[in-house]
Amino acid sequence: MYVCICNAIRESELRRVARHVPGDAEQAYAAMGKVPQCGQCLCDADCILDEEREFGLQPAAA
Ligand code: FES
């Protein structure tokens with residue numbers, strides 16, 4: 001699923017970047033060589049970054 005249509009950024013790409021790049025969506029996009037265009041995605045992208053950083057690195061429950 002695309003998070004950012006303007007830059008064709010997939011949710012999986014954004015989650016991967018969240019693990020290596022601190023900061024908000026604009027900083028994550030910059031790390032991918034992208035710049036927000038319309039800005040409609042930034043709020044959702046920030047939520048995905050927060051979610052991945054909070055829950056994404058925890059090991060799966062056995
Ligand atoms: S949808 Fe991401 S900048 Fe437009």
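Scroll up a little and you will see the structure.
Since we're looking at a predicted model, the values are computed, not measured. (Residues numbered from 1 in each chain as written. Predicted model: local features only at pLDDT ≥ 70, side-chain atom pairs only at ≥ 80, totals over all residues.)

**Quick notes on the nonpolar core**
Core analysis: the largest hydrophobic core is formed by 12 residues, namely Val-3, Cys-4, Ile-9, Leu-14, Val-17, Ala-18, Ala-25, Ala-28, Tyr-29, Cys-41, Ala-45 and Leu-49. Secondary-structure elements contributing two or more residues to this core are strand E1 (2-4), helix H1 (11-18), helix H2 (25-31) and helix H3 (42-55). Setting aside residues no more than four positions away along its own chain, Ala-18 makes contact with Ala-28, Leu-49, Glu-52, Arg-53 and Gly-56. (Core = buried A, V, L, I, M, F, W, Y, C linked by C-beta atoms within 7 Å. Buried ≥ 20, exposed ≤ 12 C-beta atoms within 10 Å, placed from the backbone. Helix = DSSP H or I, 4+ residues; strand = E, 2+ residues; numbered from the N terminus. Contact = placed C-beta atoms within 7 Å.)

**Details of H1**
For an α-helix the count is 3.6 residues per turn, leaving residues at separations of three or four pointing the same way. The complete set of buried residues in H1 reads Leu-14, Val-17 and Ala-18. The arc that holds the buried residues of H1, viewed along the axis, is 105°, so those residues lie on one side. Buried positions along H1 lie against E1, strand E2 (9-10), H2 and H3. (Arc of directions from axis to C-beta.)

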